[in-house]
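# Residue-level structural notes
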Amino acid sequence: MLATSPVYESNVIRMDIFQKPERGADGSWRLDELGPPLCSIDWKPALDHFVGRVRSTPCDDGSEQALNARDPVLLSVSEFSIFHWGLEAGNETGLEIPSSRFRNRKARVFNCWMCVTHRDGENSTFRAGLKILDQGGRLWLHSEEQNPLTAGIKIRRVRWPTGNNRDSLVLYAHRPGEEKAVAYTWGDVDAERIAMNLRWMQASCTLSDDPWLPTAAVEP
């Protein structure tokens, strides 16, 4: 559980992390029994984002992990990143916190239509109103025929921290059982629409303000 409060004298926002509380008989959280925080992070504004530094941690015993815990955490409108610290998996706190570098980018929802061509080459199966996120995960469509064909798509906003490659919005086409995409197309990283036509399958996805509610088979 997280609790935040301003600390005016330090010009920071303090975030206290507590173990998940128990529920009372009436189903409400027993917040009066939280006890001391497991650890605290002080957040300060920097340019257009916030930088957090661990103020206290239960593993602050002088170890290398504890020293790394003092490294900053980044929070912006597009990501939450932990660069060098975290509690070990299976720690006694019950918190699921990564124990190494971790970058979690904000996902956008896209509304898509897909089409899979049948084996006869003339008919096809079309579906609209399919939802997918632009941070990975595959969306599958099966053709409506006796021996169906299956096509999958995935969208990612690919960002390059160094080098000459430009950040891009990429649409991938997949076949079942194959990890590597069979084809892909790309556009501007902030593009609001992306599409492809491979003859045996087609797909078009448009940025949406709709909430994330899966409408078809999606796998990680």
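Refer to the structure printed above.
First, a word on what this report is: a plain description of the structure on this page.

Thresholds, definitions, all that
- Residues numbered from 1 in each chain as written.
- Predicted model: local features only at pLDDT ≥ 70, side-chain atom pairs only at ≥ 80, totals over all residues.
- Heavy atoms only, no water.
- Helix = DSSP H or I, 4+ residues; strand = E, 2+ residues; numbered from the N terminus.
- Buried < 20%, exposed > 50% of the residue type's maximum accessible area, 1.4 Å probe, protein only.
- Contact = heavy atoms within 4.5 Å.
- Areas by Shrake-Rupley, 256 points an atom, 1.4 Å probe, with all protein chains shown as cover.
- Patch = residues over 30% accessible without salt bridge, like charges linked within 9 Å, V, L, I, M, F, W, Y side chains within 5 Å.
- Salt bridge = Lys/Arg side-chain N within 4 Å of Asp/Glu carboxyl O.
- Disulfide = S-S within 2.5 Å.
- Pairing = 2+ DSSP bridges.
- Axes fitted to C-alpha atoms, helices over the stretch in contact; angles between N-to-C directions.
- 1 Å grid on protein atoms, 1.4 Å probe; cavity = no way out; pocket = protein on both sides within 12 Å on 5 of 7 lines; lining within 4 Å.
- Points joined across faces, edges and corners; volume = space filled by probe spheres on them.
- Nonpolar A, V, L, I, M, F, W, Y, C, P; charged D, E, K, R; others polar.

## Some remarks on the overall build of the protein
When helices and strands are tallied, the protein shows 1 helix and 16 strands. Within the span of the protein, comprising 220 residues, buried residues form 35% of the whole. Put simply, 40% of the contacts in the protein that link residues at least 6 apart link residues at least 24 apart. Carbon and sulfur atoms provide 49% of the accessible area of the protein, an area that totals close to 13,900 Å².

## Some thoughts on a nonpolar patch on the surface
Side chains of Ile13, Phe50 and Leu75 sit close together on the surface and give an oily, nonpolar patch of about 210 Å² of accessible area. Its place among the elements puts Leu75 in strand E5 (residues 73–75).

## Let's talk about the state of the cysteines
For the structure shown, the criterion picks out 1 disulfide. Across the disulfide from Cys112 sits Cys205; the S-S distance is 2.1 Å. In this structure the cystine formed by Cys112 and Cys205 twists about its S-S bond by roughly 110 degrees; its chirality is therefore right-handed. With Cys112 in strand E8 (residues 109–117) and Cys205 in strand E15 (residues 201–208), this residue pair connects regions lying 93 residues apart in the sequence.

## Observations regarding the pattern of salt bridges
For the structure on display, the rule yields 7 salt bridges. Between Asp134 and Arg108 there is a salt bridge, and its shortest N-O distance comes to 2.9 Å. Taken as a pair, Asp134 in the loop between strand E9 (124–133) and strand E10 (138–142) and Arg108 in the loop between strand E7 (102–105) and E8 lie far apart in primary sequence, 26 residues in all. When sorted by exposure, Asp134 lands in the same class as Arg108, which is buried. The partner of Arg157 in a salt bridge is Asp134, and the shortest N-O contact between them spans 3.9 Å. Taken together, the residues Arg157 in strand E11 (residues 150–158) and Asp134 in the loop between E9 and E10 connect sequence positions 23 residues apart.

## A look at the sheet that holds strand E14 (residues 193–197)
In a beta sheet, neighbouring strands are held together by backbone hydrogen bonds and run either parallel or antiparallel to one another. As summarised here, the arrangement of the 4 strands in space is E9-E8-E15-E14, forming an open sheet in which the pairing is antiparallel. Looking at the sheet topology across the chains shown, the edges are occupied by E9 and E14. Strand-to-strand twist in this sheet, taken as the mean axis angle between neighbours without regard to direction, amounts to 10 degrees. Note: E14 against E15, 5 bridges, orientation antiparallel. Within the sheet, the bridge partner assigned to Asn197 lies in E15 and is Gln202.

## Comments concerning the layout of surface pockets
Of the volumes computed, that of the second largest pocket is approximately 190 Å³. In terms of lining residues, the second largest pocket is bounded by Val158, Trp160, Asn165, Arg166, Ser168, Val170, Tyr172, Tyr184 and Trp186. Ranked by residue count, the leading element in the lining of the second largest pocket is strand E12 (residues 168–174), at 3 residues. When its residues are assigned to classes, the lining of the second largest pocket shows 6 nonpolar, 2 polar and 1 charged.

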